[in-house]
Amino acid sequence: MERCHSSVPRGIHHFTPVFVSRAGGAILEDVDGNLLLDFAGGIGCMNVGHRAPALVQAVRDQLERHLHTCFHVTPYEGYVRLAERLNALAPGDFPKKTLLLNSGAEAVENAVKVARAYTGRSAVICFEDAFHGRTLLAMSLTSKTHPYKRGFEPGVGEVFRVPYAYCYRCTYSLRYPQCGVHCAYHLEDTFRRTVAAESVAAIIVEPVLGEGGFVSPPAEFFAALQDICRKRGIVLIADEVQTGFGRTGSLFACEKLGFEPDLLVTAKSLGGGLPISALTGRAEMMDAPEPGGLGGTFGGNPLACAAALSVIEMFVPSDGKKVGGLDLSSRAGTLGERFVARARSWQQRWPAIGDIRGLGAMQAIELVKEPVTREPATEETARIVRACYERGLVLLSAGSYGNVLRILSPLVITDEQFEEGLSVIESAIASVGFVESSVSA
Ligand SMILES: Cc1ncc(COP(=O)(O)O)c(C=O)c1O
């Protein structure tokens, strides 16, 4: 750790002070031989589990063939095959094309480039509590100030931020469903008072907030956004970097929520541990930039394509047979239900559990000092994460106030491992001294 501190900038923060030597399934082994249960999955990248055997084999096979030629120089079939599979699987019954890149932020940047090239408009609307990455445009689309934006200003211009459907902390102090998803329809007011609709190239939205605290809006919110975008000629971009590849109980969260984005951004669990991201969208939009306007040296690297193809095969096998009989998407639903059941029992005991929310296996609890004021329990949340680590569980916090505990365990986690992880969270919550409810006492 001392070597790390003296050789790596402090800006690249780490949550868990261990050095990993091996990983498999939902278990990490550190350099001292300690085993840790992984509820973080490298921030939502390991839905198929660490070193999934089929993926390791696919990467090994590719290693024997070629590592890099650059798709701009000499194309290879893996890139095209992955594009074909993503085009076929992304929601929307219209012709699609896919561009491959390296990271979530890079795919977000390219989504905005495509939307601008297609519409000839410049503005982008994004949401409060959104996270879209750390590169300059992605950072500008990101909401949280510290540590993501402060000191790196100015951000990119023509970015406008509006409230998300964060019902637990509604900006308009309204209640769902009586509110009629006012936050979405308020965009019409934004077009009058902030930026003209005909200047807006794109609206970018996460179907469930990732870093923003696993806020999971009602489906009507997305129906309204889609409606407004279609009416106003605005490109709807779904950022599914964290929600994608089975996390929410279907391959993409937008399927679950019943909307069809024009452009779909994926990364993280697409690569099952290798760096790859994708931008999949309406063919006429994707073809708007001229030849050479999109791409990059490593985008769609052959090893990463092989890994991504095997991830897709695990979710949607071409021969219709589930790998090892495990349906990962329905497994996500089961894990989510188990989490909610345990979290409800915690809420009975500790009123500090202000909100339980999520979609599929993308579940979280928001912790507050007490339920009436909803003052964020930021410090206690950090102590719980630390206590989990000390008990052998890797867990991440999230949220603009740092008071949300989220689960991103591999979907291949066993029932016993999952229950053990939940018991560790329970004992960690018990260790921080939250007031217990008189009913349960
Ligand atoms: C929703 C979302 N978009 C974009 C990103 C950025 O992805 P990357 O870190 O691969 O650039 C993230 C990363 O956490 C994310 O959660």
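For the structure itself, look to the data block above.
Residues numbered from 1 in each chain as written. Predicted model: local features only at pLDDT ≥ 70, side-chain atom pairs only at ≥ 80, totals over all residues. Heavy atoms only, no water.

Q: Honestly, the side chain of Gln 226 in this entry has me stumped. Any pointers?
A: You can see Gln 226 is positioned in helix α9 (residues 219-232). With relative accessibility at 16%, the residue Gln 226 sits in the buried group. Setting aside residues no more than four positions away along its own chain, Gln 226 makes contact with Leu 236, Phe 259 and Glu 260. (Helix = DSSP H or I, 4+ residues; strand = E, 2+ residues; numbered from the N terminus. Buried < 20%, exposed > 50% of the residue type's maximum accessible area, 1.4 Å probe, protein only. Contact = heavy atoms within 4.5 Å.)

Q: Sorry if this is basic, but what is going on with the state of the cysteines here?
A: What makes a disulfide is a covalent bond joining the sulfur atoms belonging to two cysteines. Across all of its chains, the model carries 0 disulfides by this definition. Residue Cys 229 stays outside any disulfide, its sulfur separated by 13 Å from that of Cys 126, the closest cysteine. (Disulfide = S-S within 2.5 Å.)

Q: For this particular structure, what's the right way to read the nonpolar core?
A: The tendency in soluble globular proteins is for nonpolar side chains to be buried as a group. Within the largest apolar cluster, 142 residues are counted, with the highest numbers of intra-cluster contacts made by Phe 221, Trp 346, Ile 365 and Ile 425. The leading source of residues in this core is helix α12 (residues 302-315), at 10 residues. Apart from the residues within four sequence positions on either side, Ile 365 is in contact with Phe 339, Ala 343, Trp 346, Ile 353, Asp 355, Ile 356, Asn 403, Val 404, Leu 405 and Ile 429. (Core = buried A, V, L, I, M, F, W, Y, C linked by side-chain atoms within 4.5 Å.)

Q: Explanation requested: the site of the ligand in the structure shown.
A: Neighbouring the ligand are Ser 103, Gly 104, Ala 105, Phe 131, His 132, Gly 133, Glu 206, Glu 211, Asp 239, Val 241, Gln 242 and Lys 268. One nitrogen or oxygen atom from the main chain of Gly 104 is found 2.8 Å from an oxygen atom belonging to the ligand. A distance of 2.8 Å is found between an oxygen atom of the ligand and a backbone nitrogen or oxygen belonging to Ala 105. In isolation the ligand has 390 Å² of accessible area, and contact with the protein removes 84% of it. Considered class by class, the residues forming the shell around the ligand number 3 nonpolar, 5 polar and 4 charged. (Near = heavy atom within 4 Å. Polar contact = N/O pair within 3.5 Å; in protein donor to acceptor, adjacent residues only side chain to side chain. Areas by Shrake-Rupley, 256 points an atom, 1.4 Å probe, with all protein chains shown as cover. Nonpolar A, V, L, I, M, F, W, Y, C, P; charged D, E, K, R; others polar.)

Q: Sorry, what's going on with the sheet that holds strand β7 (residues 200-205) here?
A: Backbone-to-backbone hydrogen bonds join strands into a sheet, with any given pair of strands oriented parallel or antiparallel. Overall, mixed pairing links the 7 strands, which are arranged β4-β10-β9-β8-β7-β5-β6 in an open sheet. Of all the strands in the sheet, just β4 (96-101) and β6 (159-162) have a single pairing partner and so form its edges. On average, adjacent strands in this sheet sit at an angle of 20 degrees to one another, irrespective of strand direction. In this structure, strand β8 (residues 235-239) lies alongside strand β9 (residues 263-266), joined through 3 bridges in parallel fashion. Residue pairing across strands places Ile 237 opposite Leu 263, the latter belonging to β9. (Pairing = 2+ DSSP bridges. Axes fitted to C-alpha atoms, helices over the stretch in contact; angles between N-to-C directions.)

Q: Even after reading the chapter, I still don't get the sheet that holds strand β14 (residues 396-398), so can you show me in this structure?
A: Spatial ordering of the open sheet is given by β11-β12-β15-β14, a layout of 4 strands whose pairing is antiparallel. The sheet is open, and its two edges are formed by β11 (353-359) and β14, each paired on a single side. Within the sheet, the average angular offset between the axes of one strand and its neighbour, ignoring direction, is 30 degrees. Helix-sheet contacts for helix α13 (residues 328-349) involve β11, β12 (362-367) and β15 (404-407), and the interaxial angle to β11 is about 175 degrees.

Q: Sorry if this is basic, but what is going on with the packing of aromatic side chains here?
A: Tallying each qualifying case throughout the model produces 12 aromatic pairs. Between Phe 222 and Phe 259, the aromatic rings sit 4.8 Å apart at their centres with planes inclined by 10 degrees, giving stacked as the arrangement. Residue Phe 222 is located in helix α9, and its partner Phe 259 is located in the loop between α10 (253-257) and β9; the two are separated by 37 residues in the primary sequence. Here Phe 222 matches Phe 259 in class, with each residue buried. Here the aromatic cluster, defined as three or more aromatic residues joined through ring pairs, consists of Phe 127, Tyr 164, Phe 221, Phe 222 and Phe 259. Taking the ring centre of Phe 94 as reference, the NZ or CZ of Arg 282 above it sits at 3.8 Å. (Phe/Tyr/Trp six-rings, centres within 6.5 Å; stacked < 30°, edge-to-face > 60°. Lys NZ or Arg CZ within 6 Å of the ring centre and 35° of its normal.)

Q: For this particular structure, what's the right way to read the pattern of salt bridges?
A: Where charged atoms from two side chains of opposite charge come close, those side chains can pair. Scanning the entire structure with this criterion turns up 22 salt bridges. Among the ionic pairs, Glu 153 bridges to Arg 150, the shortest N-O distance being 3.5 Å. Look at Glu 153 and you get partly exposed, because its relative accessible area is 46%. Two residues, Asp 262 and Arg 282, come together in a salt bridge whose shortest N-O distance is 2.7 Å. A residue pair is termed long-range when its members are at least 10 positions apart, and Asp 262 in the loop between α10 and β9 and Arg 282 in strand β10 (residues 277-282) qualify at 20 residues. Judged by relative accessible area, which is 16%, Arg 282 ranks as buried. (Salt bridge = Lys/Arg side-chain N within 4 Å of Asp/Glu carboxyl O.)

Q: Sorry, what's going on with helix α15 (residues 415-430) here?
A: Because an α-helix packs 3.6 residues into every turn, residues spaced three or four apart end up facing the same way. Over its 16 residues, α15 runs 23 Å from end to end, which matches the ideal 22 Å to within 8%, given 1.5 Å per residue. Taken together, the buried positions of α15 are occupied by Gln 417, Phe 418, Gly 421, Leu 422, Val 424, Ile 425, Ala 428 and Ile 429. Buried residues of α15 fall within an arc of 155 degrees about the axis and therefore sit on the same side. (Expected span 1.5 Å × (residues − 1). Arc of directions from axis to C-beta.)

Q: Looking at this structure, I do not really get unusual backbone geometry. What am I missing?
A: In the segment running from Glu 153 into Pro 154, the intervening peptide bond is cis, with an omega of 5 degrees. By the secondary structure assignment, Pro 154 is in the loop between α6 (136-141) and β6. Backbone torsion omega between Tyr 176 and Pro 177 reads 5 degrees, so that peptide bond is classified as cis. Note on placement: Pro 177 falls in the loop between β6 and α7 (182-185). Although it is not a glycine, Phe 245 adopts a positive phi angle of roughly 55 degrees.

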